[in-house]
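Below are the chains, spelled out letter by letter.
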Amino acid sequence: MLITRYLGPEKFGILSYTTALPNLFLAFTGLGMDQIAVRELVRNEKPQNSILGTAFSIRGLGGIVSLLIALVSVSIFTGNDQFIFLLVLISSFKFLFLSFDVIDFWFQSQTASKYPIIARNSAFIVVSVLKIFLLFLKAPLIYFVIITAVEFIFASIALVIIYKIKGNKIFEWKFDFTLAKSLLKEGFPLMIAALAASVYYNIDQIVIGNYFSKTEVGFYSAALRLSEIWYFIPVAFYSSVFPLMTKLKDENEKLFFRRFSAIASILFWISFVFAIVMSFSSGFLINIIYGNRFSVSAQILSVHIWSCVFIFVGIAVSIWTMVNGFQYITLISCLTGAVINIILDVVLVPVYKGVGAAYATIIAYSVANYFVYFLIPKSRRIIILVTKSIINPWKYS
């Protein structure tokens, strides 16, 4: 927040643009097999060192591919702007370290997600101190881009240290070609889905930046930061309950659906309360946190915050899709959201700028994470169950 206030709308817009563009291709780092790897670790039907080693190798290759695609894309979008190219190059450097996230997969499978959280929070704290130091020195923009990339390096080192402390050795990991083919084959729909999700999550900033100045990107991104600050809740919830729900589905299906309904209800009502509070206090929050220079962001935040309701619901539904191996449903959902968001951005952003992008996001998320499930026969029953659990939460408590 302090960095946003320090940089101001234009420079913060540049920072956000050069972060959002490489994030469009974040899906290529995981190649769709993240939760599949967690599921395989939970089921313990294959050697864990083979699963971890294979997943690590796949993500390493995916990171290199993501970096190269990001650099080609920035050349296409920005032409000969060497400064933007340099910033995207630095920002994309994080792709090379995301392969260490497989350690997180192992901890998830052991229902010990607190350890990766500790590792990442430790890296976050160290980098936050360095960012404050940069603010004190009144450092130029490029240093903040560098330190953001460094956070991923610190997080990777912390994950390795904790993994070793728990008595494990990375050098015992093995690559299994047969397993790699299996993971990639099953994960391909999820990779396309993740790519689509990356598009409709980051495309707003790219479209605004291509139509208007980076100042408008700064206004939108400032609102986005406050809107997405709550996303860690469903993600942490998912990481904690997914291994348990995987086991429960195999052991007691009736109890699985009851627990699933309770999770969906809890996530919805948490997000609904957040949305109300943030929507009505958006002007006050923007002024206090960012200052008068970002006053335009208040209206954007009051609209965009309602997208978090559908994010929370979508993550709840993804527990059911992943446990049952219905990757094609996730693919349909994300592709639908991406197409709708791109079309609405092209229509609304030239007229309404950031507010138009916020409305495009809400509509896209509502369709992708809720309404589209009514149109898919396999998921119709589950989204009706989610709806009932939202309307009558006490029944499933």
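Residues numbered from 1 in each chain as written. Predicted model: local features only at pLDDT ≥ 70, side-chain atom pairs only at ≥ 80, totals over all residues. Heavy atoms only, no water.

S.K.: Please clarify how the packing of helix α4 (residues 48-78) against helix α6 (residues 102-109) should be interpreted in this entry.
M.R.: Relative orientation and spacing of two packed helices are given, respectively, by the angle between their axes and the distance between those axes. Orientation of α4 relative to α6, taken along the N-to-C sense of each, is 145 degrees, at an axis distance of 9 Å. Our pair here, α4 against α6, has a crossing hand that is right-handed. Contacts from Q48, L52, A55, F56 and R59 of α4 reach α6 at V102, F105 and W106. (Axes fitted to C-alpha atoms, helices over the stretch in contact; angles between N-to-C directions. Helix = DSSP H or I, 4+ residues; strand = E, 2+ residues; numbered from the N terminus. Left-handed = near helix turned anticlockwise from the far one by under 90°. Contact = heavy atoms within 4.5 Å.)

S.K.: Teacher, can you tell me more about the state of the cysteines here?
M.R.: As used here, a disulfide is simply a covalent bond connecting the sulfur atoms of two cysteines. All told, the structure shown has zero disulfides when counted by the stated rule. Counting only cysteine sulfurs, C334 is the nearest neighbor of C308, a cysteine outside any disulfide, at a range of 18 Å. Taking relative accessible area as the criterion, C334 reaches 11% and is therefore assigned buried. (Disulfide = S-S within 2.5 Å. Buried < 20%, exposed > 50% of the residue type's maximum accessible area, 1.4 Å probe, protein only.)

S.K.: Would you mind showing me how to read the side chain of S379 here?
M.R.: Residue placement: S379 occurs in helix α17 (residues 377-391). In this structure S379 touches W320, I329 and Y373, once residues within four positions along its chain are discounted.

S.K.: Teacher, can you tell me more about α4 here?
M.R.: Residues that lie three or four places apart on an α-helix share one face, since the helix turns once every 3.6 residues. Under the 1.5 Å per step criterion, the end-to-end length of α4 is 44 Å for 31 residues, consistent within 8% with the ideal 45 Å. One or two steps after α4, the chain reaches G79, where phi turns positive at roughly 70 degrees. (Expected span 1.5 Å × (residues − 1).)

S.K.: When you look at the pattern of salt bridges in this model, what are you seeing that I'm missing?
M.R.: Side-chain pairs of opposite charge can arise whenever the charged atoms involved come near each other. Evaluation of the coordinates by the stated rule reveals four salt bridges. D101 is the salt-bridge partner of R120, the closest N and O atoms lying 3.0 Å from each other. Pair noted here: R120 is in helix α7 (residues 114-137) and D101 is in the loop between α5 (82-92) and α6, with a separation of 19 residues, a long-range link. When its relative accessible area of 29% is taken as the criterion, R120 is described as partly exposed. The partner of D104 in a salt bridge is R120, with the nearest N and O atoms 2.8 Å apart. Highlighted residues: D104 in helix α6 and R120 in helix α7, separated in sequence by 16 residues. Overall, the relative accessible area of 11% leaves D104 in the buried class. Among the charged side chains, a network of salt bridges with common partners joins R59, D101, D104 and R120. (Salt bridge = Lys/Arg side-chain N within 4 Å of Asp/Glu carboxyl O.)

That is the geometry; function is a separate question.
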